[in-house]
Amino acid sequence: MKVMAQLAMVMNLDKCIGCHTCSVTCKQAWTNRSGTEYVWFNNVETRPGQGYPRIYEDQERWRGGWIRDKKGRLRLRDGGRLSKLLRIFANPKLPGIGDYYEPWTYDYENLTSAPLGDTLPVAAPRSQITGEPMKIEWGPNWDDNLAGSLETQQKDPILKKVSDEVKVKLEETFMFYLPRICEHCLNPSCVASCPSGAMYKRSEDGIVLVDQNRCRGWRMCVSGCPYKKVYFNHKTGKAEKCTLCYPRMELGLPTICSETCVGRLRYLGLVLYDADKVLEAASVENDTDLYEAQCRILLDPNDPEVIAAAKAEGISDDWLEAAQRSPVYALINTYKVALPLHPEYRTMPMVWYIPPLSPVVDAVSRDGHDGEDVGNLFGAIEALRIPIAYLAELFTAGDTKPVDDVLRRLAAMRSYMRDINLGRDTQPHIPASVGMTEEQIYEMYRLLAIAKYEERYVIPTAYTGEIPAAAHDLECSLSGDGGPGMYEAGPFANPTEGPTPVAVEAFHATRQRHTNGEHSSRVNLLNWDGNGTPAGMFPEEQKQ
């Protein structure tokens, strides 16, 4: 058993309101540079819909992820080394700008410079790539709130698989929001697809990154990623992707998308897994067995044998403690309400989702029934307007039983907690009906409904206390020529002035350096209350 650590995320889809705050803040932090106009490390899709890029889930077209051959071995769907070598300079298996969208701005100058006339001037759209006038026909969130209607809705690859069970009528349709980032997979096909070795998975925390110095812009990683969360910067000629905000994570801070999430639907934590079992789990014969196989390789951080093996691999006590308090492991393996996105791609994704239950409650209540009665909820799940088959195609490779079990646990939690909130006696048979104890269902409620900040984000810090004193040393390692750093000058700053240290990471690191008492060359003004003389302002007399 080889124990390794992985930072992972769980998103509760019941709480997503589709406000796109996560997308906007991620865009401002990471991709507000030239060449990344179309890049969205985080995006929120409306389901059903085509997604971003358009129809990215159609692997017969894009050939991402892994497949299992007749001998039981994993092979890249996009082909092996010879196949990649033959098209290394011309890779046709890529989404084009039409599948993403051509980014645009507006000719605002025309509003102020147009001559007087009988008609009002307009700000016509112009391409941010060519600068020429353009017609807007597609965007990064064109399906938002079913805006695409039947014209685009029926092209949803998942909807096609369950079309016999779903009547696609606009007035009777269903919808929910699906936020997406890079999955930071345990078995990443993007890493395996990269000919230059620029794409790599960090051994200490499992974050998948791109070495900008080694990247040669061949874009095989874009083809290999089945989630299409690797992007090509046409200005720098390099691939870029979500970094899970690792400069923040190393300081114990959550990702930008998690920190700014209005619905508080994201959970971050550490999980331990058996690296020796990843290939075996990803190679199971049936796609429907992949969810359970992935759950099995996630190790119990309270198991003495696992603890001993983790320490033998150099995992510190702080990280073990973080794994034991991890909300991610609890939601995946303890309460069993989180599911992976498209496990059939065999990449072992590590961003998991709690499927939505709210439409069930709303539908029951609209009919005049008690929307939180356990009998009504269990019955409504079977006739859910969001078809369980659709959710199963997203999260369990088509197996409806795990999705049904998750929805029943969530329904049981609502019914059980209603009795407590109304001051009535609890009904132990409710949690027992879904294989849980009263204590477990209450703890699950606390985590999903009222968990505090430090309970939702349990992130072990990688900071060792040896931060250099010079301010420029606090820059992100990705801050370079065209790099997606967090310390670059903002869009309104003078680019010749150098980086502007306004990031929260710099503040926390500086505060730690000032308060640990090791650096006497700097004065601690962060905690000074304004009274008296701050310690270190004047040099102390040397004792003879």
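For the structure itself, look to the data block above.
Quick caveat, the model's predicted, so the values are computed rather than measured. (Residues numbered from 1 in each chain as written. Predicted model: local features only at pLDDT ≥ 70, side-chain atom pairs only at ≥ 80, totals over all residues. Heavy atoms only, no water.)

A. Looking closely at helix α14 (residues 317-324). Inspection of α14 places W319, L320, A322 and A323 among the buried residues, and these make up the whole buried set. Taken down its axis, α14 places every buried residue within 160° of arc, on the same side. For α14, the secondary structure elements touched by its buried residues are β1 (3-12), β12 (266-274) and α13 (304-312). (Buried < 20%, exposed > 50% of the residue type's maximum accessible area, 1.4 Å probe, protein only. Helix = DSSP H or I, 4+ residues; strand = E, 2+ residues; numbered from the N terminus. Arc of directions from axis to C-beta. Contact = heavy atoms within 4.5 Å.)

B. Broad picture of the environment of L265. Assignment of secondary structure puts L265 in the loop between α10 (256-259) and β12. Accessibility expressed as a relative area gives 3% for L265, which makes it buried. For L265, the residues in contact, after removing those within four places along its chain, are V10, M11, N12, K15, C16 and P179.

C. Main features of the packing of aromatic side chains. This structure, assessed with the given rule, holds 15 aromatic pairs. Judged by centre distance (4.9 Å) and plane angle (70°), the ring pair of Y38 and Y100 falls under edge-to-face. Pair noted here: Y38 is in the loop between α1 (21-30) and β2 (43-47) and Y100 is in the loop between α3 (81-86) and β5 (104-106), with a separation of 62 residues, a long-range link. Relative accessible area serves as the criterion here: at 4%, Y100 is assigned to the buried category. Among the aromatic residues, those joined into a ring-pair cluster are Y38, F41, Y52, Y100, Y101, W104 and Y231. Above the plane of the ring of Y56 lies R180, whose end atom (NZ or CZ) is 3.8 Å from the centre. (Phe/Tyr/Trp six-rings, centres within 6.5 Å; stacked < 30°, edge-to-face > 60°. Lys NZ or Arg CZ within 6 Å of the ring centre and 35° of its normal.)

D. Spatial organisation of the pairing of β2. For β2, the tally of buried residues reaches five of five residues, placing the bulk of the element in the interior. Neither face of β2 is exposed, since N43, E45 and R47 on one face and V44 and T46 on the opposite face are all buried. In the sheet, β2 pairs with strand β7 (residues 176-180) via five bridges, with the strands oriented antiparallel. Pairing of E45 across the sheet is with L178, part of β7. (Pairing = 2+ DSSP bridges.)

E. Main features of the pattern of salt bridges. For the structure shown, the criterion picks out 25 salt bridges. The salt bridge involving D78 is made with R87; its shortest N-O contact spans 2.8 Å. The pair D78 / R87 is uniform in exposure class, with both members buried. We note a salt bridge from K401 to D405, for which the minimum N-O separation is 2.9 Å. Of the two residues, K401 and D405 both sit in helix α19 (residues 400-421), four residues apart, roughly one turn of that helix. (Salt bridge = Lys/Arg side-chain N within 4 Å of Asp/Glu carboxyl O.)

F. Just the sheet that holds β12, in detail. Overall, mixed pairing links the five strands, which are arranged β13-β12-β1-β15-β14 in an open sheet. The open sheet terminates on both sides in strands that have one partner only, identified here as β13 (298-299) and β14 (339-340). Where β1 meets strand β15 (residues 351-354), four bridges bridge the pair, whose relative direction is parallel. The residue of β15 that forms the bridge with M9 is V351.

G. Just the side chain of D99, in detail. Positionally, D99 belongs in the loop between α3 and β5. There is a polar contact of 2.9 Å between the side chain of D99 and the backbone nitrogen of G96. (Polar contact = N/O pair within 3.5 Å; in protein donor to acceptor, adjacent residues only side chain to side chain.)

H. Local environment of the packing of helix α15 (residues 327-334) against helix α21 (residues 438-450). At a minimum axis distance of 11 Å, the contact between α15 and α21 shows a crossing angle of 135°. In terms of orientation, α15 lies oblique with respect to α21. When you trace α15 past α21, the crossing you get is left-handed. Packed against α15, whose contacting residues are P327, A330, L331 and T334, the element α21 presents Q440, L447 and L448 at the interface. When grouped by side-chain class, the residues that make up the contact of α15 with α21 number five nonpolar, two polar and no charged. (Axes fitted to C-alpha atoms, helices over the stretch in contact; angles between N-to-C directions. Parallel < 35°, antiparallel > 145°, perpendicular 65-115°, else oblique. Left-handed = near helix turned anticlockwise from the far one by under 90°. Nonpolar A, V, L, I, M, F, W, Y, C, P; charged D, E, K, R; others polar.)

I. The arrangement of the nonpolar core in detail. Residues V10, L272, L331, W352 and F395 are the most contacted members of the largest nonpolar core, which totals 134 residues. When residues no more than four places from it in sequence are discounted, the contact partners of V10 are L265, R266, Y267, V328, L331, I332, A338, W352 and I354. (Core = buried A, V, L, I, M, F, W, Y, C linked by side-chain atoms within 4.5 Å.)

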